[in-house]
Amino acid sequence: MGESKKQVGVLGLGRMGAALAGALLGAGHEVVVWNRSPLKAGPLLDRGARLAATPAEAASADIVLSCLSTYDTQRPVLEAASPKVLVNLTSGTPAEARSTALWASSAGIEYVDGVIMAVPQGIGTPAARILYSGSPATFDGQRDLLTVLGEPVYLGEDAGLAALYDLALLGIMWSTMAGYLHALALVGTEGVAPSTFTPMAQSWLTAVGGFLPGIGAQVASGDYATDVSALDINAAGLGLLVETSRAQGIGASVPAAVRELFDRAVASGHGAHAIASVIEEIR
């Protein structure tokens, strides 16, 4: 049997909110949109969406998706809307997600928190992944609808888990991008073009990704013994990277921050241990 069509309210029509509404329209759902600036709704109205004059009007739908700029701007909108079922896709902290879940529970609102691990152009395609946490019954009841937006991944009943995973994963992305940009600046001092260096960087990142399960296992066990590559050797290598960066005339802030962390872990007695031991210094 096919998925039943629903009336869906969408609060917020920034790039992501508009992409969510567009994917729902493409799947044949009835979409009611609200935005502080109604002009942004034009392209969606041309596709069959209906413009709500107030958040409460949009919230009369079977389910409401909220995708606003911050939790602070979202709360008064949600309080005015008072939806029956709320899927919150506004980015924030785990604490903000949990606070909103408590508010929703006190107001009798079914609540799921979500974070979108995709760019707006990817919404509605197999490449999009959206992480959810909160009420398992609400998530299960809306799974078919949420699948329209991207691959839904449920993490657990704690409403803050999706935001926690989001920031943890983004931290990996930002650190990787900063390292890549530093590398481009470094090789660029000798005239190496990004197009020349990048294929090697990509293959190297694939190899580095293969290290993660082993590092994770060491963290889980607390056994940091290694016969492969000790921390003190890697800390010394970071020192060389910092020294060379400065000698080549570029900033060294990216590797210097990691070097400082590794040096502290060595000073704490982890010099002969694996890189995984650095987590003790982070903790």
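Residues numbered from 1 in each chain as written. Predicted model: local features only at pLDDT ≥ 70, side-chain atom pairs only at ≥ 80, totals over all residues. Heavy atoms only, no water.

K.L.:
How should the overall build of the chain be read in this particular structure?
P.N.:
Within the chain, the regular secondary structure consists of 12 helices and eight strands. Its C-alpha atoms give the chain principal-axis dimensions of about 60 × 45 × 40 Å. Each of the 283 residues in the chain was classed as buried or not, and the buried ones make up 41%. Element-wise, carbon and sulfur atoms account for 61% of the exposed surface of the chain, whose accessible area totals about 14500 Å². With 16 positive and 25 negative side-chain charges, the chain shows a separation of 7 Å between the mean positions of the two kinds. (Helix = DSSP H or I, 4+ residues; strand = E, 2+ residues; numbered from the N terminus. Buried < 20%, exposed > 50% of the residue type's maximum accessible area, 1.4 Å probe, protein only. Areas by Shrake-Rupley, 256 points an atom, 1.4 Å probe, with all protein chains shown as cover. Lys, Arg positive; Asp, Glu negative; His and termini not counted. Charge placed at Lys NZ, Arg CZ, Asp CG, Glu CD.)

K.L.:
Would you take a moment to explain the pairing of strand S1 (residues 7–11) for this structure?
P.N.:
Within a regular beta strand, the side chains point alternately toward one face of the sheet and then the other, so they alternate between its two faces. Buried residues dominate S1, accounting for five of its five residues. Covered by surrounding structure in S1 are Gln 7, Gly 9 and Leu 11 together with Val 8 and Val 10, the residues of both alternating faces. Following the backbone out of S1, through helix H1 (residues 15–26) and into the adjacent parallel strand S2 (residues 30–34), one traces a crossover that is right-handed. Relative to strand S4 (residues 63–66), S1 runs parallel, the two being bridged by four bridges. Paired with Gly 9 across the strands is Val 64, a residue of S4. (Right-handed = clockwise from strand over helix to strand, strands pointing away. Pairing = 2+ DSSP bridges.)

K.L.:
Looking at this model, I keep getting lost on helix H11 (residues 253–270). Mind explaining?
P.N.:
Helical geometry note: an α-helix holds 3.6 residues per turn, so side chains three or four residues apart project in the same direction. All buried positions along H11 are accounted for by Pro 255, Leu 261, Phe 262, Ala 265 and His 270. With its buried residues spanning 125° around the axis, H11 presents them on a single face. In this structure, H11 carries Ser 253 and Ala 267 as exposed residues pointing more than 90 degrees from its buried face. Of the surrounding elements, those touching the buried residues of H11 are helix H7 (161–188), helix H10 (231–247) and helix H12 (278–282). (Arc of directions from axis to C-beta. Contact = heavy atoms within 4.5 Å.)

K.L.:
Just checking my understanding: could you explain the nonpolar core for this structure?
P.N.:
Nonpolar side chains tend toward joint burial in soluble globular proteins. In this structure, Val 10, Leu 24, Val 31, Val 33, Tyr 132 and Leu 149 are the most contacted members of the largest nonpolar core, which totals 31 residues. Residue assignment for this core shows that the elements contributing at least two residues are S1, H1, S2, S4, strand S5 (85–88), strand S6 (110–116), strand S7 (129–134) and helix H6 (136–147). Sequence-distant contacts of Val 31, that is, excluding residues within four places in its chain, are made with Val 8, Val 10, Ala 21, Leu 24, Leu 25, Ala 49 and Arg 50. Residues Leu 68, Val 77, Ala 81 and Ala 101 belong to the second largest nonpolar core, which totals 20 residues. (Core = buried A, V, L, I, M, F, W, Y, C linked by side-chain atoms within 4.5 Å.)

K.L.:
Can you walk me through H7 in this structure?
P.N.:
The end-to-end C-alpha separation of H7 is 40 Å, in line with the 40 Å expected for 28 residues at 1.5 Å each. Every buried residue of H7 is accounted for by Leu 161, Ala 162, Ala 163, Asp 166, Leu 170, His 182, Ala 183, Leu 184, Leu 186 and Val 187. Buried positions along H7 lie against helix H5 (94–106), S6, S7, helix H8 (194–209), H10 and H11. (Expected span 1.5 Å × (residues − 1).)

K.L.:
Where do I start with the side chain of Thr 198 in this structure?
P.N.:
Residue position: Thr 198 is located in helix H8. A distance of 2.6 Å separates a polar atom in the side chain of Thr 198 from a polar atom in the side chain of Tyr 180. In terms of polar contacts, Thr 198 uses its side chain to reach the backbone carbonyl oxygen of Pro 194, at 2.6 Å. Among all residues touching Thr 198, those that are not within four sequence positions of it are Tyr 180 and Leu 184. (Polar contact = N/O pair within 3.5 Å; in protein donor to acceptor, adjacent residues only side chain to side chain.)

K.L.:
Looking at this structure, how should I read the packing of aromatic side chains?
P.N.:
A ring pair, where both rings are aromatic, is described by two values, the distance of the centres and the angle of the planes. Counted by the stated rule, this structure contains two aromatic pairs. Judged by centre distance (4.9 Å) and plane angle (25°), the ring pair of Phe 139 and Tyr 154 falls under stacked. One end of the pair, Phe 139, is in helix H6; the other, Tyr 154, is in strand S8 (residues 151–154), and 15 residues separate them in sequence. Given a relative accessible area of 0%, Phe 139 falls into the buried group. In this structure an aromatic cluster arises from ring pairing among Tyr 132, Phe 139 and Tyr 154. (Phe/Tyr/Trp six-rings, centres within 6.5 Å; stacked < 30°, edge-to-face > 60°.)

K.L.:
What's the story with the pattern of salt bridges in this structure? I'm lost.
P.N.:
Two side chains bearing opposite charge may form a pair once their charged atoms approach each other closely. According to the stated counting rule, one finds nine salt bridges in the structure shown. Here Arg 259 makes a salt bridge to Asp 263, at a shortest N to O gap of 3.5 Å. Placement of the pair is Arg 259 and Asp 263 together in helix H11, with a separation of four residues, close to one helical turn. Its relative accessible area of 33% is what places Asp 263 among the partly exposed residues. Between Arg 283 and Glu 280 there is a salt bridge whose closest N-O contact spans 3.4 Å. Owing to a relative accessible area of 62%, Arg 283 belongs among the exposed residues under this scheme. A relative accessible area of 35% means that Glu 280 is categorised as partly exposed. (Salt bridge = Lys/Arg side-chain N within 4 Å of Asp/Glu carboxyl O.)

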